[in-house]
Structures are given as C-alpha cells and as structure tokens.
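# Close look at the chain arrangement
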Amino acid sequence: MNADLREALSAGRSREALDLIGKLGAAERRAVGKELPGLMRALPDQSWHGPSAGPMRDTFLLAGLATIGGAAAAASWLARTELLWWTRRWDVRHPDAAAHQGPTPLDAVADRPDEWVADVVARAAGRLRNRWQHQALWFAIAALVPRAGGTPPTGDTFVLGWTEWAAHPDRLADDPFTDTLLPRVFEVDGAGHEGWAKGVAELTASGRVERSDVLNWCVRRLLRGGRVQDLRWFCLLHDELAPTPEESAARLRDLVRMLPAAPGTVADLALREIRRVDEASPIPLATFAEAVDAAVFRPEKRLVKSALVWTGKTARQHGRQDAATLAVLPLFTSEALDLRERAVKLVAKHAAETSAETREAVLAASADLPADLRALIPGAGGPGEDEEPGLPADSLPPYSPPAPAPPIGSVAELAEEVMLWHGGGWSGFERVMTGIVEQAHRDPEGTHKALADLAKAQPWNFYRAYGETYAELSVTPRGLLDLAVQKLAPGPETTGVRALAAAMRVRFKQLTRPSPGFWEERPGTVPLPIRFLAWRMREAVDGLGRIPFLLATPTEANGLIDPAVLVDRALRYEAEGREIGRADLVQALLRTPRAVDSDTLKRAAGLTSAEGGALAGHLGADGPPDPEITLAQVTLRHGRDPWHRWNRESVRLLAVSRPAALSPALEDARSLFALPQSELPDGLPTHDFWSGYEVVPRLLPAHRELAAAHLLPVVSGLPQVDGAAAARGDVGDAVLALAEADGPAGPATGAVLAYAASDKEAAGRAIAVEALLVLASRGLLPAADLGRAVATLVEMDVVKLNRITGVLGEAVHAGAHAEVWEIARAALPPLLTANTARTTANAPRGLTDLLQLAARCAERVGARADLPGLAELAARGGSSRLVREAVRLERTLSAER
C-alpha cells in the first residue's frame, strides 16, 4: 500500500482513497484489501472516536468493498461493527440524503460485476440481526441493492429492518422496496406497527396493491396467530379496509378457524365479520354450529355474550333451533353464572321447537343445574324430595410440607455456601451461621483456613469494617459474617502504631459489647424480629469455637424443632458441661411445637441446669402463650425518600396486642409479644435495608398470628397506594412461610393475606393463592377474619378488590368453594351496607365479581344465609350487572331447602 493511500485512509478522505484505488491493478487491489485490517489495528484508539471517526470508518468500509476480492470476505468486511456508524445518509429516501456529498457503496463497487455485488448483498443480509447495532448494516446493504438486480433481500431480518428503520407508512408508494417487501410484512413476526394500518390502506385504495391480495394477506396473518402486540395493527388494517359482507363471505372458512384459539381482539373481529356475513345471507348450518361452539368456549365473557345474542336472534329466524340449542349446552356448566343463566333461558325459549333428540340432550345437560334454573326447562322439573341442595364441593389438594434444607456437612461445603449466600440478606443467614458454628468446633483449623482463603480471594467482601464499632457491625447479616470471619481468620499482624491502633479497636469493641438485652435497645427503625435474630447471631459469633452447635437450629422447613431432638441437644450440652446461650434458649422455646409426647417430657425432666429446667418447664406447659391480637387503623407519616421523610400520610391496618402471661424462660422475648413497638410514633420501621422477610414466620413458627402481626407493617406497603413502601419478591415468600407455620390464625393473618392478595404484581398474587390454599388444606384458614379484613381495607381504599376477587377465583378453581364462601360471607355485609349510600356506578370495582363468586360458591356448597344489605341492593332494579348479580345471589341464598 502506497503512502498516499495510507494517508487518505487514516485521514478519512473517502473520495481520494477511492480515486487512488481506482488507479491500481487487480493484484495491487487485493494486496490493499489484505492490508486493511492491519492498518485499522495500527491506528491509535482515539482515532475511532470523536468527530473525525465517522469519515474514517466510511473510508475503510468503502475501501474494503473496492479491494477485497471474494464476495464472502467482502460481506464479512461490510458487517464489521467497528466500521458501521450512522450510514442512513446513503438512504435515498431520507431527507438528508441529498446533502451527503461523499462517495457511497455504489461508488465503491462501480467496476465490480453485478453478480458479485448481488452475492455480497445476499451474504451480508444473512449476517443481519434484528438489533439496533445492525441498523447501519441494513442501510449499507440497501445502498447496494440497485447493483444487485434492484430486488432487495427478503429474509426476515431484512424485512424487519425495513419496517423498523427505513420505510415510512405514509410514503410507501414512493419506496422502491414496497412491491417486494410488503407481502413479506404479513409473513414475518413483529414486522410493522400500528402506524402502518392507515398507510397500507391508502396504498390499497390508490390501486398500487390489489385489494383482494391485501385482504388475503391480512386474514392469513390473523389466522396464523402470534403475540397480541404483533397482531394489533393487522386488526386495525382490516378495519381500515372495511371489507364488504361479500368479501368476508369469501374468507368465511378462515374467519371461523380463528375463533377457537386466536387472541381476544382477533376473535372479536372474526365473530363480528361472521355475524355480518350471516346477516347479509344465512351461513351454512354446519358453519354456524362450528362458530358458536368455538365462541362459547372462549374465556372472554364479552365474546361469549356476543355469540349468545347472535344465536338467540337468529335461531328461529333461520330455522336452526336444534343447532343453536346444542351449541350453547356447554354453558350449563359455566362458572360465570350470568352466562349460564342466559344459556338456560335461550334453550328454554326454543325447547318446544327442537327435535326429540335435542330435548333429550337438554334434559341430560340440565341434571347438574340448580333447581331455580332447572325449573325453567320444560320437563326438567325441580329437585326431588330427598335431593340435597347444591353440589358437593371439590376436595382441596393435600398439603405436603417442604423438606428442610440439609445441614452443612463439611468445611468445603461451608465455604461454597458462604460464597453463594454472601450479601443475600437475612434469608438463609441462620443456616450459614449454623454451619460456621458447627465446623469451627469440629474442624477449627480447616474452617480458619477456608474463611481466610475466602477473605484473601475477595477482600472487598471481607475485613471491610475494621473501623466500625461492634454495635454498627452487629445489626446486619453482612456485618455479623464479617465479625465471624474476623474472629476465625483475623487479618495480618501489624507492628508499631498500626498494632497499637488494632489493639485499641479490639478493646473498644470489648467495651461496647452489648448486654443480653441489647437487642431491645436498638433504634425503632429496625423491626423487632430482626433485632432479636441479630442478638442471637451475635451470641453465636461470641461462642465460635466453644459451642458445638446451636440449640435452636430448626428440624422442619417452617422453623419448628422436633422436641425429642431439642431435648437430645440440651442433654448433650449438659453432658459436656456447656452453658446454653440465653438467646439460643429463647429461640428454641419459640420454635417448639404445641404438642409434645410423654416420652420426650420424661427425658426432659432429667435436665439439671437452669436452662434445662426452663426448657423442661416450657415443654410440659399447656401450650405457648398467645397474646390477644386485634387490628387498628393507624395513620402514619412518611415520605417517598429520606429527604422528605414526614411529608406524607397514609392509613395502614396494623396489629395491636395485649401482653401475654409469659413464663420466666420467655421473659427475654417479651418485646416480641407486645405490639406496636416503635420508637417512631408516626412512622413504620424502616424495611429498606434488610431483606429476607420469610425469617419472621420461621422465628415464630409456633405463633403464626404473632408473626403475622410483625409482618403487617411491611406487607401493608404492597398495594403501593401512596408510595409508602416498595413491593419485594421476598414479601411473597414471607406470606407463604406464614401459611406453612404453626399456631392459631386470626385477624392479623387475615389482614396479611388480604394485603398480599392485592399485590399489584401477578407473581405476588399467585403466592397469595398458594398461601390461601395451604391454610385451607390444613383446615387453618381464618376465612371470616380474611373476609372482614378485605372489607375494612376496601373501605380504607388501600387495596384493590378486583385483584382480591381474582385471587379468590383461583382458589375456587382449586376446589376451595367452602372456604371462599366463608370469606365472601364475612366480606359482603360491610361492603354492601357501605354501598347503600352510593350509586351503582360508584360501587367498589370488583364488588360485582365478588357477588358472582359468592353465588357460585354458595350454590356449590348449598349455603343459605341472610346477608345484610343484599336485599336492598337487589331491590334497586335496573339492568346493571351489579344489581343482576345481587339478585342472583339473593335467589341462591333464599332458595327452599
């Protein structure tokens, strides 16, 4: 490569470089092409940045097209991302294209054969990807198309690039690629957008594209299906084209095929067009039956209603009573009571005009209908004298408790678990600390080396807090782990002033080491269960190397300890002459189940130490103390951020407890039984800096209601009605852990479930369904308390009733008919009574669905009741769905037994 060409390339002078290349022979050109990559690498890094970088990239790209011999190598060069920048200036459709005075790719391949250029275009198009970095490559390829036969590539990625980067819907008539690529737009997933509907319709109206072709393309695309967002603009295009009934009749077969599985918007379009065709000229009977049969199985109620209206209006008119009746019979088992009632009335209307075979099928299908609906069908009759009202409720799936995590069995496993956990919050930290305690006693040298190696490999995770006080370190899991590592694997020895400073820090930590009651003295911004857990973990750190294991390590996944195992551990402590830590003992007592067998009690009586006696007395008592917990509406002041902490107010439903009569052994846990406990009278504890909320039920596994009371402050932030708290995934884990715990459930548990069921995230609501089913299958669901909490929170306007009814509906699908009826029975009276002063339009969103769900469950379990406010709502009259559902529920609850 001569010096002039090298200088032109390095300076980004494209025209000069191409002129110099044009004077070279074939062999010299190939030599230049081979030298281009080396020259690129030799240029300083800063050359590829700044204002001059673009022209230099152009120059190298065009030089490669002009000198590289093989089409495959030229396509690879064209696709090099370091050479492609904003090449849209080469697009003749762009307004700024005329202002570009430099050479283009066409100039670079001026003396190349057309076949060679076409090969480069095809190969480069194969390298194209649908991401923004390849936008420049698309325009480079498009610039070469005129020399490649004028026909652009038709691959999916090139078509997507055309619709996303180049083609404008309003200028399709002037686009040279329209004739080739527009048909492909209807075949490539994700091509086009809503703005294309009007542009394509105008192109069709101008005669540039055949109308029948566009309609065929559009219908075939909708029939093929796909994502709703991809199909929306094809529906808009279909509406813009406004096909006549005759045009839709020609595509009737495809329209009917859309109904079973197409997205809702597409199915709506299909049914609308089928009805238009039928109104113009009756469609064949088999086609009608197929269309209605597909529509009534759709999940969208509006679509099913539309099919019922169409069926009812045309059955007698077109003489197809038998087909209409048989098509709607599946709705006799619909869970949507209003749809079922519509179907029954339609069948009853045409019963006398159907054949004997059809009437026989109707009688068979009506066997499971409630008596009031069955009475509408001629010949079906009412219930027999011995027939029990309602249907048997579905059985709930049995509860299978999760298996506990296995203990950490070796130093190597401990090191792996520490690295996997590190920084993971309180969730899983107790298991890590338990492993450290056990391995430090079993293999002190190996544990010392393993933790020292970890600290050496990742010093930013360890030994990071030598300048902090003991109190500052001992309130977070990260700080507690650092304390454990410092104790087992201290830092390198120092001399002189550094050694003196290190000794002073150690002495200061000793002087600031807390008393056993220190956890109660922490600031009110730290939640009480976390303060308690931190106290116990500090005690474990202090005992490293001395104690063989932690007494309160759970044996069950929900946090409970097998009493027999607990007594064995205590006996081993006494046999080895070791003292049980106060925090460890209290935690063990909080984790004992409510029933203890007599053999375990006899063995516990052999404990001789003061701690052993306290444990034996606790196991032999009638049961753990349960504080009386009630709910109260509390107005809290807070802010969206630390700088505006008190500038907002919101109302929360929180728990208040009366002190329980505690045994002396549980005296250190008294603060856990007293609520509220906050040093900030107008604020919630700060939950932003800790994670792992599921530890709360596992700290108090025998006291579910108390754990729920402690969870309420954070769970109440889930609806985010005013930005008081952020939703977190581990809150859902806490709700499920609460369901898996033991002990009685009451108003606090009901409020936690109500808040969780209103989570704005679908994943959170799914966990609420699972928690509800776990409690229901165990026979522990506080249904009435949950219903009352729902009503209270809806009136407080801090939860969304429609979200909660969705959760309850999922529970019904799983077989919880009786439980959901009890929830609705408790929730509806206050909601209906509060609604008497409102207009129907101002009723809480979701109340209609709750009424329908209650009627469905009441019918299933044969419930009879008098709900205050229901009769008044039903007596309002009118055609609103709210009133209709109230009438239906009242009729169900007042039916004769």
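Residues numbered from 1 in each chain as written. Predicted model: local features only at pLDDT ≥ 70, side-chain atom pairs only at ≥ 80, totals over all residues. Heavy atoms only, no water.

### Things to note about empty space enclosed by the protein
A water-sized probe rolled over the atoms picks out the places where empty space is left. Counted according to the given criterion, the structure contains three cavities of 30 Å³ or more. Empty space within the largest cavity amounts to approximately 60 Å³. Counting residues per element, the ones that place at least two in the lining of the largest cavity are α37 (747-757), α38 (762-777), α39 (783-796) and α40 (801-813). Its residues placed into classes, the lining of the largest cavity shows ten nonpolar, no polar and no charged. Counted as a void, the second largest cavity has a volume near 40 Å³. Around the second largest cavity sit Leu-215, Val-219, His-238, Pro-243, Glu-247, Ser-248, Arg-251, Leu-255 and Glu-273, which together line it. Broken down by secondary-structure element, the contributors of at least two residues to the lining of the second largest cavity are α12 (211-224) and α14 (245-249). Its residues placed into classes, the lining of the second largest cavity shows four nonpolar, two polar and three charged. (1 Å grid on protein atoms, 1.4 Å probe; cavity = no way out; pocket = protein on both sides within 12 Å on 5 of 7 lines; lining within 4 Å. Points joined across faces, edges and corners; volume = space filled by probe spheres on them. Helix = DSSP H or I, 4+ residues; strand = E, 2+ residues; numbered from the N terminus. Nonpolar A, V, L, I, M, F, W, Y, C, P; charged D, E, K, R; others polar.)

### A look at the pattern of salt bridges
On inspection of all chains with the given rule, the structure shows 43 salt bridges. Glu-576 is paired through a salt bridge with Arg-578; the nearest N and O atoms lie 2.7 Å apart. The exposure class assigned to Arg-578 is partly exposed, which follows from its relative accessible area of 28%. Here Arg-888 makes a salt bridge to Glu-885, at a shortest N to O gap of 2.8 Å. A residue pair is termed a helical-turn pair when its members lie 3 or 4 positions apart in one helix, as Arg-888 and Glu-885 do in helix α44 (residues 881-894) at three residues. Overall, Glu-885 belongs to the buried group, its relative accessible area being 0%. Several salt bridges converge on common partners, so that one network encompasses Glu-341, Lys-345, Asp-849, Arg-881, Glu-885, Arg-888 and Arg-891. (Salt bridge = Lys/Arg side-chain N within 4 Å of Asp/Glu carboxyl O. Buried < 20%, exposed > 50% of the residue type's maximum accessible area, 1.4 Å probe, protein only.)

### Looking at the layout of surface pockets
When its volume is computed, the largest pocket comes out at roughly 700 Å³. Around the largest pocket, the lining is made up of 29 residues, and of these Ala-405, Arg-431, Thr-553, Pro-554 and Glu-556 lie nearest the centre. Take the lining of the largest pocket: its biggest share by element is six residues, from helix α24 (residues 429-442). Looking at the lining of the largest pocket residue by residue, the classes come out as 14 nonpolar, seven polar and eight charged. Taken domain by domain, the lining of the largest pocket gets at least three of its residues from each of domain 4 (411-620) and domain 5 (628-799). (Domains from an automatic or database assignment.)

### Observations regarding the confidence of the model for the chain
The predicted model of the chain has a mean per-residue pLDDT of 83, with 84% of residues at 70 or higher. In this model, residues 383-390 is a region of pLDDT below 50 whose contacts with residues beyond four sequence positions or in other chains number eight contacts. The low-confidence segment residues 491-496, where pLDDT is below 50, has three contacts with residues more than four positions distant or belonging to other chains. (pLDDT = per-residue confidence, 0-100. Contact = heavy atoms within 4.5 Å.)

### Comments concerning the nonpolar core
Counting residues in each nonpolar core, the largest one holds 151 residues, and the members touching the most others are Trp-426, Leu-590, Leu-828, Leu-851 and Leu-889. With nine residues, the single largest contributor to this core is helix α29 (residues 528-542). Contacts of Leu-828, omitting those with residues within four sequence positions, involve Leu-847, Leu-850, Leu-851, Ala-854, Leu-867 and Leu-889. In terms of nonpolar packing, the next biggest core, distinct from the first, is built from 124 residues, Ala-66, Val-219, Val-256 and Ala-267 among them. (Core = buried A, V, L, I, M, F, W, Y, C linked by side-chain atoms within 4.5 Å.)

### Brief notes about the state of the cysteines
Tallying each qualifying case throughout the model produces zero disulfides. Looking at Cys-218, it has no disulfide partner, and the nearest cysteine sulfur is the one in Cys-235, 7.3 Å off. (Disulfide = S-S within 2.5 Å.)

### Quick look at helix α13 (residues 228-241)
In this model α13 runs 20 Å from its N-terminal to its C-terminal C-alpha over 14 residues, within 8% of the 20 Å that 1.5 Å per residue would give. All buried positions along α13 are accounted for by Asp-230, Leu-231, Trp-233, Phe-234, Cys-235, Leu-237, His-238 and Leu-241. Looking at the residues trailing α13, positive phi occurs at Ala-242, about 45°. (Expected span 1.5 Å × (residues − 1).)

### Digging into the side chain of Thr-600
Mapped onto the elements, Thr-600 comes out in helix α32 (residues 598-604). We classify Thr-600 as buried; its relative accessible area is 3%. Engagement of the side chain of Thr-600 in a polar contact is seen with the side chain of Asp-597, the distance being 2.8 Å. The contacts of Thr-600, once residues within four sequence positions are left out, are Pro-563, Ala-564 and Val-567. (Polar contact = N/O pair within 3.5 Å; in protein donor to acceptor, adjacent residues only side chain to side chain.)

### Focus on the side chain of Thr-892
Residue placement: Thr-892 occurs in helix α44. Reaching out from Thr-892, the side chain makes a polar contact with the backbone oxygen of Arg-888 at a distance of 2.9 Å. Discounting chain neighbours no more than four positions away, the residues touching Thr-892 are Ala-855, Ala-858, Glu-859, Ala-863 and Arg-864.

### Regarding the packing of helix α23 (residues 411-421) against α24
At a minimum axis distance of 10 Å, the contact between α23 and α24 shows a crossing angle of 150°. By the angle class used here, α23 and α24 are roughly antiparallel. In terms of crossing hand, the pair formed by α23 and α24 is left-handed. Judged by residue contacts, Val-411, Glu-413, Leu-414, Glu-417, Val-418 and Trp-421 of α23 engage Phe-429, Arg-431, Val-432, Gly-435, Ile-436 and Gln-439 from α24. For the contact of α23 with α24, the per-class residue count stands at seven nonpolar, two polar and three charged. (Axes fitted to C-alpha atoms, helices over the stretch in contact; angles between N-to-C directions. Parallel < 35°, antiparallel > 145°, perpendicular 65-115°, else oblique. Left-handed = near helix turned anticlockwise from the far one by under 90°.)

### Digging into the packing of aromatic side chains
In this structure the tally under the stated criterion is 15 aromatic pairs. Ring centres 6.1 Å apart and planes at 50° place the aromatic pair Phe-158 and Phe-177 in the tilted group. Placement of Phe-158 in helix α9 (residues 156-166) and of Phe-177 in the loop between α9 and α10 (178-185) is noted, with a sequence separation of 19 residues between them. When sorted by exposure, Phe-158 lands in the same class as Phe-177, which is buried. Centroid distance Trp-426 to Phe-429: 5.8 Å. Interplanar angle 80°. Geometry classified as edge-to-face. Overall, the relative accessible area of 0% leaves Phe-429 in the buried class. Among the aromatic residues, ring-to-ring pairing joins Trp-162, Phe-186, Trp-196, Trp-217, Trp-233 and Phe-234 into one connected group. Note that Arg-112 overlies the ring of Trp-116, its terminal NZ or CZ placed 4.0 Å from the centroid. Its guanidinium or amino end placed over the ring of Phe-288, Arg-320 lies 3.9 Å from that ring's centre, counting from NZ or CZ. (Phe/Tyr/Trp six-rings, centres within 6.5 Å; stacked < 30°, edge-to-face > 60°. Lys NZ or Arg CZ within 6 Å of the ring centre and 35° of its normal.)

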